[in-house]
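Summary of the model geometry
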Amino acid sequence: MKIVHREYPLLAMCGLSCGLCTMHLGGYCPGCGGGDGNQSCAIARCGQSHGVEFCCLCQEYPCIKYDSIDTYDSFISTRNMRANLERVQTHGPETCKAEMHEKMELLAGLLAHYNAGRQKSLFAAAVNLLPLEDLRTIREQLAAGAAELPLKERAQAAAALLRGAADARGIDLKPRKKPK
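Note that this is a predicted model, so its numbers are computed, not measured.

When you go through the chain residue by residue, the secondary structure sums to 7 helices and 0 strands. Seen in sequence order, the chain has helices and strands lined up from the N terminus as α-α-α-α-α-α-α. For a compact globule of 180 residues, the expected C-alpha radius of gyration is about 16 Å, and the chain comes in at 17 Å, within 12% of that figure. The principal-axis extents of the C-alpha atoms in the chain amount to approximately 50 × 40 × 35 Å. Long-range contacts, defined here as pairs at least 24 residues apart, represent 70% of the contacts in the chain between residues at least 6 apart. Accessible area for the chain stands at about 9,900 Å²; split by element, carbon and sulfur atoms hold 53% of it.

Quick look at the side chain of Asn84 now. Looking at where Asn84 falls in the secondary structure, it is placed in helix H3 (residues 81-91). The exposure class assigned to Asn84 is buried, which follows from its relative accessible area of 15%. A distance of 3.1 Å separates polar atoms of two side chains, one belonging to Asn84 and the other to Ser17. Contact partners of Asn84, with chain neighbours within four places excluded, come to Leu11, Gly15, Ser17 and Cys96.

Where helix H4 (residues 93-114) contacts helix H5 (residues 120-129), the two axes come as close as 10 Å, and the packing angle between them is 155°. Judged by the angle between their axes, H4 and H5 are roughly antiparallel. Here the hand of the crossing between H4 and H5 comes out right-handed. The segment H4 lies against H5, with Lys103, Leu107, Leu110, Leu111 and Tyr114 engaging Lys120, Phe123, Ala124, Val127 and Asn128. Of the residues that constitute the contact of H4 with H5, the class distribution is 7 nonpolar, 1 polar and 2 charged.

Here we take up the pattern of salt bridges. This structure, assessed with the given rule, holds 5 salt bridges. Here Asp134 makes a salt bridge to Arg169, at a shortest N to O gap of 2.5 Å. Separated by 35 residues along the polypeptide, Asp134 in helix H6 (residues 132-145) and Arg169 in the segment after helix H7 (151-168) bring together distant segments of the chain. For Arg169, a relative accessible area of 44% puts it in the partly exposed group. What emerges from the salt-bridge pattern is a single network uniting Glu133, Asp134 and Arg169.

Right, let's talk about H6 for a bit. Across its 14 residues, H6 extends 20 Å between first and last C-alpha, which sits within 8% of the 20 Å expected from 1.5 Å per residue. Looking at H6, one finds that the buried residues are Leu132, Asp134, Leu135, Ile138 and Leu142. The arc that holds every buried residue of H6, seen down its axis, measures 155°, which confines them to one face. Those residues of H6 that are exposed and aimed more than 90 degrees away from the buried face are Glu140, Ala143 and Ala144. Taken together, the buried residues of H6 touch H4, H5 and H7.

Conventions we followed
Residues numbered from 1 in each chain as written. Predicted model: local features only at pLDDT ≥ 70, side-chain atom pairs only at ≥ 80, totals over all residues. Heavy atoms only, no water. Helix = DSSP H or I, 4+ residues; strand = E, 2+ residues; numbered from the N terminus. Rg over C-alpha atoms; globule rule 2.2 N^0.38 Å. Contact = heavy atoms within 4.5 Å. Areas by Shrake-Rupley, 256 points an atom, 1.4 Å probe, with all protein chains shown as cover. Buried < 20%, exposed > 50% of the residue type's maximum accessible area, 1.4 Å probe, protein only. Polar contact = N/O pair within 3.5 Å; in protein donor to acceptor, adjacent residues only side chain to side chain. Axes fitted to C-alpha atoms, helices over the stretch in contact; angles between N-to-C directions. Parallel < 35°, antiparallel > 145°, perpendicular 65-115°, else oblique. Left-handed = near helix turned anticlockwise from the far one by under 90°. Nonpolar A, V, L, I, M, F, W, Y, C, P; charged D, E, K, R; others polar. Salt bridge = Lys/Arg side-chain N within 4 Å of Asp/Glu carboxyl O. Expected span 1.5 Å × (residues − 1). Arc of directions from axis to C-beta.

Written out as structure tokens, the structure reads:
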């Protein structure tokens, strides 16, 4: 299998937010085209053969590989893949990389200060799917109102704020399963 190496593995060639994935957070995956010996998927190999860092920079995008790419979730929600690629097209890769790093910092803060052992997937999904402005507001609310609470109560406060923001935007934070 061909190995793909990319300049920025935390935002996948297909638009997946690798830096916010529980597999990446757990140290099981270096991201799209990251690390030595990382076996890439067909989309990454295709993109590399076309000489692009992101699929949306390819002249053939969107191709047949994107027909049903976001219909169900794997380790991380696939719902933002197309939106991420649209942002790469409209705002450029550097802006998207900066946004990814900010989201990764927000997720790291949630996991370090508000995770009572059962929130990793919820926090990862929420940070992946919610807009940065909502996440910044939630961070401020938590710092102002929950910082001194015991861990279990901090975790509940963070989960409630994330779920509330998702509900306000009509975002379901539960993973979508592959149809049988």
